[in-house]
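Coordinate analysis (summary)
Residue strings, one per chain:
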Amino acid sequence: MQLRIGNGYDIHRLVPGRPLILGGVRLEHPLGLDGHSDADVLVHALIDALLGALSLGDIGGHFPPEDPRWKDADSLELLAQVIALVRERGWEVVNVDAVVVAERPRLKPRIEAMRASIAARLGVEPDQVGVKATTNEGLGPTGREEGIACHAVALLQKP
Ligand SMILES: [Zn+2]
């Protein structure tokens, strides 16, 4: 059995007038993430981890922000396309794990919903999807609530 690991990182600005969507789950918050797609920073970091595991480049190469097709795109749809690419090559997800860095809102009550929506789109069990939330203790751009960041890893196997 072969194994491959990948990591991903993303950050988006928090701005007024945008919905806040993390892991496909809409959260109540006066600010949302800015971006060409729905700016789901958690799903974007996972996509980069999956692409990275197979050295397939990054999210910007597969879904260029200047392409009107991805305007306000549902990032879970992009994740579905990426997992199809992974499976076409004969690979399966062992697990993915992510940590979202956000000062506010409190994410803990919605973590299970995020895990379930990501797992459904990946075609894996929720226990193969780790999602954690942390604050940045008031430090840096995430600590000042200028944005939300996410770090992710993905482990793939090929029987
Ligand atoms: Zn992004």
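In this report, we go over the structure that sits alongside the text.

Conventions we followed
Residues numbered from 1 in each chain as written. Predicted model: local features only at pLDDT ≥ 70, side-chain atom pairs only at ≥ 80, totals over all residues. Helix = DSSP H or I, 4+ residues; strand = E, 2+ residues; numbered from the N terminus. Rg over C-alpha atoms; globule rule 2.2 N^0.38 Å. Buried ≥ 20, exposed ≤ 12 C-beta atoms within 10 Å, placed from the backbone. Pairing = 2+ DSSP bridges. Core = buried A, V, L, I, M, F, W, Y, C linked by C-beta atoms within 7 Å. Axes fitted to C-alpha atoms, helices over the stretch in contact; angles between N-to-C directions. Parallel < 35°, antiparallel > 145°, perpendicular 65-115°, else oblique. Left-handed = near helix turned anticlockwise from the far one by under 90°. Contact = placed C-beta atoms within 7 Å. Nonpolar A, V, L, I, M, F, W, Y, C, P; charged D, E, K, R; others polar.

1. So, the overall build of the protein
Secondary structure summary: the protein contains 5 helices and 7 strands in total. Along the protein, helices and strands appear, N-terminal first, in the series β-β-β-β-α-α-α-β-α-β-α-β. The C-alpha radius of gyration of the protein comes to 15 Å, within 12% of the 15 Å expected for a compact globule of 159 residues. Split into buried and exposed, the 159 residues of the protein put 41% on the buried side.

2. Re the pairing of strand β7 (residues 147–158)
Where strand β1 (residues 2–16) meets β7, 12 bridges bridge the pair, whose relative direction is antiparallel. Each residue of the ladder has a partner; that of Ile 5, found in β7, is Leu 155. Where strand β5 (residues 92–101) and β7 come together, 9 bridges link them in antiparallel fashion. Its bridge partner being in β7, Ala 98 is matched across the sheet by Ala 152.

3. Considering the nonpolar core
Leu 42, Leu 46, Leu 50, Val 100 and Ala 154 are the most contacted members of the largest nonpolar core, which totals 45 residues. Those elements that place two or more of their residues in this core are β2 (20–22), α1 (41–53), α3 (75–88), β5, α4 (111–122), β6 (129–134) and β7.

4. Notes on the packing of α3 against α4
At their nearest, the axes of α3 and α4 sit 9 Å apart, and the two run at 40 degrees to each other. With respect to their mutual orientation, α3 and α4 come out oblique. At the point where α3 passes α4, the crossing takes the right-handed sense. Contacts between α3 and α4 involve Leu 76, Leu 79, Ala 80 and Ile 83 from the former and Ser 117, Arg 121 and Leu 122 from the latter.

5. Topic: the pairing of β1
Across 3 bridges, β1 lies against strand β4 (residues 31–33) in antiparallel orientation. Across the sheet, Pro 16 pairs through a bridge with Leu 31, a residue of β4.

6. Some words on the sheet that holds β5
An order of β4-β1-β7-β5-β6 is seen for the 5 strands of this open sheet, with the pairing classed as mixed. This sheet does not close on itself; its edge strands, each paired only once, are β4 and β6. Each neighbouring strand pair of the sheet contributes to a mean axis angle of 20 degrees, computed without reference to strand direction. Sheet strands in contact with α1 are β1, β4, β5, β6 and β7, and its direction is about 155 degrees off that of β1. On the sheet, α4 packs against β5 and β6 and is oriented at approximately 145 degrees with respect to β6.

7. So, the packing of α1 against α3
Contact geometry of α1 with α3 gives a least axis separation of 10 Å together with a crossing angle of 10 degrees. In this view, α1 runs roughly parallel relative to α3, as classed from their interaxial angle. Note on element contacts: α3 touches α1 through Ser 75, Leu 76, Leu 78, Leu 79, Val 82, Ile 83 and Val 86, opposite Val 43, His 44, Leu 46, Ile 47, Leu 50 and Leu 51. Of the residues in the contact of α1 with α3, the class split is 11 nonpolar, 2 polar and no charged.

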